[in-house]
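Structural overview
Spelled out, the chains give:
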Amino acid sequence: MADVSFFVGILGNVISILVFASPIGTFRRIVKTKSTESFKGLPYITTLLSTSLWTFYGLLKPGGLLVVTVNGVGTVLQAIYIILFLIYAPNDTRAKMAKLVGMLNVCFFGAVVVVTLLSVHASMRLLVVGCLCAALTVGMYASPMAAMSTVVKTKSVEYMPFFLSFFLFLNGGVWSIYSVLVRDFFIGVPNAIGFALGSAQLVLYAVYRRKKPAAKATELEAEEEGSAHLVDHVEMQGFEESNKASQHKHLNKGSSLPKPSAVSRQLSFQKIVKSVSLTPLELHFIWDQNDHTAN
């Protein structure tokens, strides 16, 4: 049984290291874009606290070498992730993250180590630290639920990395088996819960992996609506220009009609003036000429 438990422990170490290394792709993206985008920093803070306490638990427990090695590696990786997150996070997020790191990973962890070594009896140290480790491991597995909430809201798995969820699922399953073999209650309970939560994340990933993000869908709809408004505006503008051209054509047509000659109006006016200015004798002579012409 000891050989089987050791083999399962080695397998658990490998899978756990893969779990701890799975965010590397995420942080490559963060470094490349120089932004944390919508990624959450809380999972890395809780995981750092959990791995730190498990390392301490492994040091207290006889035969806890496998626990120490895997969690020691996890502590180093989580510390690197948190440093990168703090560098590229917005100012308000950076301030909140720094406070959480100071409270949980420095003050709380330091207090646990000091109180356990100085105030707790040697026979009770493993129990106290084991309870804390179990509680925090549940927190580590539950912390991605914030990302799960984002997935449901945006209908996109963009901010819930698949490999992290997959390896959490495997990690919880393997360490649950290991806990049964070595009869370690503190390892078994949180990892069984982690196995269930990892399964839920995989189900959520399967549901939303092919769906477009809600924000992008809204942007596409807005673009389509804007295009429709643009087409309508262009058509209306063309219609108005056509009406203006038609009206202008009618006005030009009206202006092209023959107009009374200014010269003719002037001659008629001169005739009227001349007839008014004639003497009676001249009028009588003109009338006689008209009579002869009519005859």
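On a predicted model such as this, the values are computed, not experimentally measured, just so you know. (Residues numbered from 1 in each chain as written. Predicted model: local features only at pLDDT ≥ 70, side-chain atom pairs only at ≥ 80, totals over all residues. Heavy atoms only, no water.)

1. Quick word on the overall build of the chain
The helix and strand inventory of the chain stands at 12 helices and zero strands. Listed by position from the N terminus, the elements making up the chain come as α-α-α-α-α-α-α-α-α-α-α-α. Out of the 295 residues belonging to the chain, those deemed buried represent 33%. Relative to all contacts within the chain whose residues are 6 or more apart in sequence, the contacts with residues 24 or more apart total 78%. Of the roughly 18,400 Å² that the chain leaves accessible, carbon and sulfur atoms contribute 69%. (Helix = DSSP H or I, 4+ residues; strand = E, 2+ residues; numbered from the N terminus. Buried < 20%, exposed > 50% of the residue type's maximum accessible area, 1.4 Å probe, protein only. Contact = heavy atoms within 4.5 Å. Areas by Shrake-Rupley, 256 points an atom, 1.4 Å probe, with all protein chains shown as cover.)

2. So, helix α3 (residues 42–60)
In this model, α3 (19 residues) spans 27 Å end to end at C-alpha, consistent with the 27 Å of a helix rising 1.5 Å per residue. Among the 19 residues that make up α3, 16 are buried, leaving the element largely enclosed by the rest of the structure. (Expected span 1.5 Å × (residues − 1).)

3. Some details on unusual backbone geometry
Negative phi characterises most residues that are not glycine, and trans characterises most peptide bonds. The residue Lys34 is not glycine, and still its phi comes out positive at about 55 degrees. Mapping Lys34 onto the fold places it in the loop between α2 (24–33) and α3. Non-glycine residue Arg183 carries a positive phi angle of around 55 degrees. Turning to its location among the elements, Arg183 is positioned in the loop between α8 (162–182) and α9 (185–208).

4. Quick notes on the packing of aromatic side chains
Summed over the entire model, instances satisfying the criterion amount to eight aromatic pairs. Measuring from ring centre to ring centre gives 5.1 Å for Phe27 and Tyr44, while their planes differ by 70 degrees; the resulting arrangement is edge-to-face. One end of the pair, Phe27, is in helix α2; the other, Tyr44, is in helix α3, and 17 residues separate them in sequence. Between Phe185 and Phe186, the aromatic rings sit 6.2 Å apart at their centres with planes inclined by 70 degrees, giving edge-to-face as the arrangement. (Phe/Tyr/Trp six-rings, centres within 6.5 Å; stacked < 30°, edge-to-face > 60°.)

5. A closer look at the packing of helix α4 (residues 65–88) against helix α5 (residues 91–119)
Following both chains from N to C, one finds α4 and α5 inclined at 150 degrees, their axes separated by 8 Å at the closest point. It follows that α4 is roughly antiparallel to α5 by the angle criterion. As α4 packs across α5, the resulting crossing turns out to be left-handed. Taking contact as the criterion, the partners of Ile82, Phe85, Leu86 and Ile87 in α4 are, on α5, Thr93, Arg94, Met97, Ala98, Val101 and Asn105. Residues belonging to the contact of α4 with α5 are distributed by class as follows: seven nonpolar, two polar and one charged. (Axes fitted to C-alpha atoms, helices over the stretch in contact; angles between N-to-C directions. Parallel < 35°, antiparallel > 145°, perpendicular 65-115°, else oblique. Left-handed = near helix turned anticlockwise from the far one by under 90°. Nonpolar A, V, L, I, M, F, W, Y, C, P; charged D, E, K, R; others polar.)

6. Quick notes on the pattern of salt bridges
What the rule picks out here adds up to two salt bridges. Note that Lys61 is salt-bridged to Asp184, the shortest N-O span being 2.5 Å. With Lys61 in the loop between α3 and α4 and Asp184 in the loop between α8 and α9, this residue pair connects regions lying 123 residues apart in the sequence. (Salt bridge = Lys/Arg side-chain N within 4 Å of Asp/Glu carboxyl O.)

7. Things to note about the nonpolar core
Residues Trp54, Tyr57 and Phe85 are the most contacted members of the largest nonpolar core, which totals 41 residues. Elements with a contribution of two residues or more to this core: α1 (2–21), α2, α3, α4, α5, α6 (122–142), α8 and α9. Counting residues per element, this core draws most heavily on α3, which supplies eight residues. Ignoring any residue separated from it by four or fewer positions in sequence, one finds Tyr57 in contact with Val67, Leu126, Val129, Gly130, Cys133, Asp184 and Phe186. Formed by seven residues, the second largest nonpolar core is a distinct cluster that contains Ala147, Met148, Leu204 and Tyr208. (Core = buried A, V, L, I, M, F, W, Y, C linked by side-chain atoms within 4.5 Å.)

8. Let's talk about the confidence of the model for the chain
A low pLDDT means the predicted coordinates there should not be read in detail. The pLDDT averaged across the chain works out to 75; a share of 68% of its residues lies at or above 70. Taken together, the stretch residues 217–224 has pLDDT below 50 and engages in one contact with residues farther than four places along the chain or on a different chain. Within the model, the stretch residues 291–295 combines pLDDT values under 50 with zero contacts to residues more than four positions away or in other chains. (pLDDT = per-residue confidence, 0-100.)

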